[in-house]
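# Chains, contacts and geometry: an overview
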Amino acid sequence: MPVYIDINRCIGCRTCEAACQMEHGGRGHINVQYVEDLVAVPIFCHHCDEAFCATVCFKGALHKEGETTAFDAEKCTGCGLCIYACPFGVVWADRTAHKCDLCRERKGGPACISVCPAKALSVDFDLEVSRARSRAARAAAAPRGVR
Amino acid sequence: MIRVDTSLCLGCQSCFNVCPGQNIIRNETDGRITVHWKRCKEECDLCVKMCPAGAITLVPWDEIEPEWEISFDLVACKICGSRYATEPMLKKIESSLPAEIQKDSTGLEWIRICPVCRRNIEAESLAKLILPGRRKNDWRCSWHFLAGKRGLYPGRMRLLYNLIIFAGMRI
């Protein structure tokens, strides 16, 4: 159950960053990147099927747990191998590694989803797909030459 | 006492993080990492257990045994040039991941790129689909920038005309 992002909706307000930092005691796991000042993309853990961070982790602190890539802070030595093994650069470390845990302790799902003012983040894959489809249909039906 | 196999050490932060007695010191100064193991009389073996490369062994206390120190040059990122990781760590990652996955579709070796640039690349590849549309709709990128948001209405025309005359007077 990873978090899905609809970048068409993202307004780049960085609320998800702040919420993630509040939830995890100042150590956030989301980065909002801006492309040409026109598109904002929040980058966070994808919970990959074949997780390289879990492959590299020699202590088994990062491991696959069903669909998610779980992190066990007690086993972590903070070696930093997972930082450089992540293809998206979303894992970082000070003493222990820090990575998206989908707010396991929080009631009501991940904090970033509940605070997003544009509703760009969700855990529902089908919802994202249906939104994208309807958006494409609306774009195709709109008259040409009108801004 | 700690003995370190200098050929195996990765230059990671494990032993430094794990050591309860501040006996391992790690300095990071402008693109160079120095790890220093002090002489340690403790009976614990945390650093031995936690070393990812198995470079540390415990030997009996010995006066002749030197204090170990290794320094590494950090590898520079291929895109931004900032120094981010030690060479043995990247080698270890390259050896533990499958070879076909280490180059992405553009032939870029992503392991040799720093995490910041990796995030940027990911953001650019995700934004690629909607970026042309956003550019088209952005009024700063179109002739609307000259004409004003509402087009070339009379007041705007007069303003442009005055500007041209003003520029002519300056010349």
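Since the model is a prediction, treat every value here as computed from it, not as a measurement.

## With respect to the overall build of chain B
On a plain count of helices and strands, chain B comes out with 7 helices and 6 strands. Order of helices (α) and strands (β) in chain B, N terminus to C terminus: β-α-β-β-α-β-β-β-α-α-α-α-α. Here the C-alpha atoms of chain B give a radius of gyration of 29 Å, more than 25% beyond the 16 Å that 2.2 N^0.38 yields for 171 residues. Expressed as lengths along the three principal axes of its C-alpha atoms, the size of chain B is roughly 90 × 40 × 25 Å. Counting only residues that meet the buried cut, chain B has 37% of its 171 residues in that class. Here the analysis covers contacts within chain B between residues at least 6 apart in sequence; of these, 57% occur between residues at least 24 apart. Averaging the positions of the 25 positive and the 20 negative side-chain charges in chain B gives two centres separated by 19 Å.

## Some words on the overall build of chain A
Looking only at helices and strands, one finds 5 helices and 8 strands in chain A. With respect to the principal axes defined by its C-alpha atoms, chain A has extents near 60 × 35 × 30 Å. Within chain A, the proportion of its 147 residues that are buried is 46%. Sequence-distant contacts in chain A: of pairs separated by 6 or more residues, those separated by 24 or more amount to 52%. Carbon and sulfur atoms provide 53% of the accessible area of chain A, an area that totals close to 7,700 Å².

## Let's talk about the domain arrangement of chain A
Many structure descriptions define interface size as the accessible area lost when the parts assemble. Residue and element names in this part refer to chain A. Split by domain assignment, chain A resolves into domain 1 (1-44 + 100-147) and domain 2 (47-99). The interface is formed by 11 residues belonging to domain 1 together with 13 residues belonging to domain 2. Overall, the association of domain 1 and domain 2 removes approximately 970 Å² of surface from exposure, summing both partners, and the carbon and sulfur fraction of that is 52%. Of all residues in domain 1, Arg 27, Cys 100 and Arg 104 give up the largest surface area on contact with domain 2, accounting jointly for 42% of the area buried on that side. Two residues, Arg 27 and Asp 94, come together in a salt bridge whose shortest N-O distance is 3.6 Å. There are 3 residue pairs in polar contact (both at pLDDT 80 or more) connecting domain 1 and domain 2. Of the residues contributing to the side of domain 1 that touches domain 2, the split by class is 6 nonpolar, 2 polar and 3 charged.

## Structural notes on the interface of chain B and chain A
Each side of the interface is counted separately: chain B has 40 residues, and chain A has 32 residues. The three residues of chain B that bury the most area against chain A are Asn 17, Arg 119 and Arg 134 of chain B, which together make up 18% of that side's buried surface. Inspection of the chain B/chain A interface yields 1 salt bridge. Where chain B meets chain A, there are 13 residue pairs in polar contact (both at pLDDT 80 or more). Looking at the side of chain B that touches chain A, the elements that each hand over two or more residues are helix 1 (14-18), helix 2 (46-50), strand 6 (83-86), helix 3 (87-96), helix 4 (115-127) and helix 5 (131-137) of chain B. A per-element tally of the side of chain B that touches chain A places helix 4 of chain B first, with 9 residues. Partitioned by chemical class, the residues of the side of chain B that touches chain A number 22 nonpolar, 7 polar and 11 charged.

## So, the layout of surface pockets
Taken as a whole, the second largest pocket encloses approximately 520 Å³ of empty space. Mapped onto the lining of the second largest pocket, the elements with two or more residues apiece are strand 1 (4-5), strand 3 (39-43) and helix 5 (125-141) of chain A together with helix 4 of chain B. Examining the composition of the lining of the second largest pocket, we find that 5 residues originate from one element, helix 5 of chain A, more than from any other. Grouping the amino acids of the lining of the second largest pocket by side-chain chemistry returns 15 nonpolar, 3 polar and 4 charged.

## Some details on the packing of aromatic side chains
In the structure shown here, the tally under the stated rule is 3 aromatic pairs over all chains. Centre to centre, the rings of Phe 52 of chain A and Trp 110 of chain B are 5.8 Å apart; their planes meet at 5°, and the pair counts as stacked. With Phe 52 of chain A in helix 2 (residues 52-56) and Trp 110 of chain B in the loop between helix 3 and helix 4, this residue pair bridges two chains. Judged by its relative accessible area of 10%, Phe 52 of chain A falls in the buried class.

## Comments concerning unusual backbone geometry
Residue and element names in this part refer to chain A. At Glu 36, a position not held by glycine, the phi torsion is positive, near 55°. Along the polypeptide, Glu 36 turns up in the loop between strand 2 (31-35) and strand 3. Glu 36 sits in the partly exposed class, given a relative accessible area of 46%. Even without a glycine there, the phi angle at His 47 is positive, about 50°. Within the secondary structure layout, His 47 lies in the loop between strand 3 and helix 2. A relative accessible area of 5% places His 47 in the buried class.

Rules used throughout
- Residues numbered from 1 in each chain as written.
- Chains lettered and ligands numbered in written order.
- Predicted model: local features only at pLDDT ≥ 70, side-chain atom pairs only at ≥ 80, totals over all residues.
- Heavy atoms only, no water.
- Helix = DSSP H or I, 4+ residues; strand = E, 2+ residues; numbered from the N terminus.
- Rg over C-alpha atoms; globule rule 2.2 N^0.38 Å.
- Buried < 20%, exposed > 50% of the residue type's maximum accessible area, 1.4 Å probe, protein only.
- Contact = heavy atoms within 4.5 Å.
- Lys, Arg positive; Asp, Glu negative; His and termini not counted.
- Charge placed at Lys NZ, Arg CZ, Asp CG, Glu CD.
- Areas by Shrake-Rupley, 256 points an atom, 1.4 Å probe, with all protein chains shown as cover.
- Domains from an automatic or database assignment.
- Buried area = accessible area lost by both parts, 1.4 Å probe.
- Salt bridge = Lys/Arg side-chain N within 4 Å of Asp/Glu carboxyl O.
- Polar contact = N/O pair within 3.5 Å; in protein donor to acceptor, adjacent residues only side chain to side chain.
- Nonpolar A, V, L, I, M, F, W, Y, C, P; charged D, E, K, R; others polar.
- 1 Å grid on protein atoms, 1.4 Å probe; cavity = no way out; pocket = protein on both sides within 12 Å on 5 of 7 lines; lining within 4 Å.
- Points joined across faces, edges and corners; volume = space filled by probe spheres on them.
- Phe/Tyr/Trp six-rings, centres within 6.5 Å; stacked < 30°, edge-to-face > 60°.

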